[in-house]
Amino acid sequence: MGIDPVSGGTVRATSDQFFAKNDEKFDCVFIDGLHEYHQVKKDILNSLQFLNDGGIILLHDCLPNNYYEQATPRCQWIWNGDVWKAIVECRNLKDIDVYTCYADFGIGVIFKRPNKNLLDYKLPNYKNISFKFYYENYKKLMNIIEYDELLNII
Ligand SMILES: C[S@@+](CC[C@H](N)C(=O)[O-])C[C@H]1O[C@@H](n2cnc3c(N)ncnc32)[C@H](O)[C@@H]1O
């Protein structure tokens, strides 16, 4: 099933419109829609509600290389958005296990199981984390793993 309000996919709707009516459960959800923190966070929380036990959520564009690749609103062609902020927030939740795989533009990986490497970095609003802080601490914040490790933890 592919959800997109503009092109491709099989359901012409935003992810919010889709989840408002959905009653199916999924083994795997790939989030690659609106790459802005608030929407990505909603997409993650909605996906968790409809994820089967043992399921996995993958997210595209979690590792921007520079400030402009993640600035919102978008200001250039190569753009990951601030998906990374939603990952940092999720890393603080004890009931989900969150990683970022060094593949493509950074693939976020979320399992519905106890967090094995809880990040202790609580903020009132993760939208406000600075890119400088991410740049200096991204390995810890994002819980980076190599592709081979991902295959071992699935
Ligand atoms: C980077 S593209 C990725 C599309 C697809 N995953 C692919 O690889 O071909 C992002 C897509 O998200 C769609 N999109 C934007 N806002 C969305 C939303 N709120 N819900 C679902 N999809 C959205 C856009 O229309 C666009 O097609």
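Residues numbered from 1 in each chain as written. Predicted model: local features only at pLDDT ≥ 70, side-chain atom pairs only at ≥ 80, totals over all residues. Heavy atoms only, no water.

### Some points on the state of the cysteines
- With the rule as written, the count across this model stands at 0 disulfides.
- With no disulfide of its own, Cys 75 has Cys 62 as its nearest cysteine by sulfur position, at a separation of 19 Å.
- We classify Cys 75 as partly exposed; its relative accessible area is 47%.
- Looking at Cys 101, it has no disulfide partner, and the nearest cysteine sulfur is the one in Cys 62, 10 Å off. (Disulfide = S-S within 2.5 Å. Buried < 20%, exposed > 50% of the residue type's maximum accessible area, 1.4 Å probe, protein only.)

### Things to note about helix H2 (residues 37–49)
- Taking 1.5 Å per residue as the helical rise, H2 with its 13 residues ought to reach 18 Å, and the 19 Å between its terminal C-alpha atoms agrees with that figure.
- Every buried residue of H2 is listed here: Tyr 37, Gln 39, Val 40, Asp 43, Ile 44, Ser 47 and Leu 48.
- Turning to H2, the residues buried within the fold contact helix H1 (15–21), strand S1 (26–31), strand S2 (51–59), helix H4 (83–90) and strand S4 (107–111). (Helix = DSSP H or I, 4+ residues; strand = E, 2+ residues; numbered from the N terminus. Expected span 1.5 Å × (residues − 1). Contact = heavy atoms within 4.5 Å.)

### Describing the packing of aromatic side chains
- With the rule as written, the count across this model stands at 11 aromatic pairs.
- Look at Tyr 67 and Tyr 68: their rings are 5.4 Å apart centre to centre, the planes differ by 90°, and that puts the pair in the edge-to-face class.
- With 5.9 Å between their ring centres and 35° between their planes, Phe 131 and Tyr 135 make a pair best called tilted. Separated by 4 residues within a single helix, Phe 131 and Tyr 135 lie in helix H5 (residues 131–142), roughly one turn from each other.
- A relative accessible area of 12% places Phe 131 in the buried class.
- A network of ring pairs unites the aromatic residues Tyr 67, Tyr 68, Trp 84, Phe 131, Tyr 134, Tyr 135 and Tyr 138 as a single cluster.
- Directly above the aromatic system of Trp 77 lies the positively charged group of Arg 74, at a separation of 5.4 Å from the ring centroid.
- Over the ring of Phe 111 we find Arg 113; its NZ or CZ atom is 3.8 Å from the centre of that ring. (Phe/Tyr/Trp six-rings, centres within 6.5 Å; stacked < 30°, edge-to-face > 60°. Lys NZ or Arg CZ within 6 Å of the ring centre and 35° of its normal.)

### Quick notes on the nonpolar core
- Within the largest apolar cluster, 32 residues are counted, with the highest numbers of intra-cluster contacts made by Ile 44, Leu 48, Ile 57, Leu 59, Val 88, Ile 110 and Met 142.
- At the level of elements, H1, S1, H2, S2, H4 and H5 are the ones that each hand at least two residues to this core.
- For this core, the element with the most residues is H4, which contributes 6 residues.
- Apart from residues lying up to four places away in sequence, Leu 59 is in contact with Phe 30, Ile 31, Val 40, Ile 44, Val 83, Ile 87, Gly 106, Ile 107, Gly 108 and Ile 110.
- Judged by nonpolar contacts, the second largest core, of 8 residues, contains Tyr 99, Val 109, Phe 111 and Ile 145. (Core = buried A, V, L, I, M, F, W, Y, C linked by side-chain atoms within 4.5 Å.)

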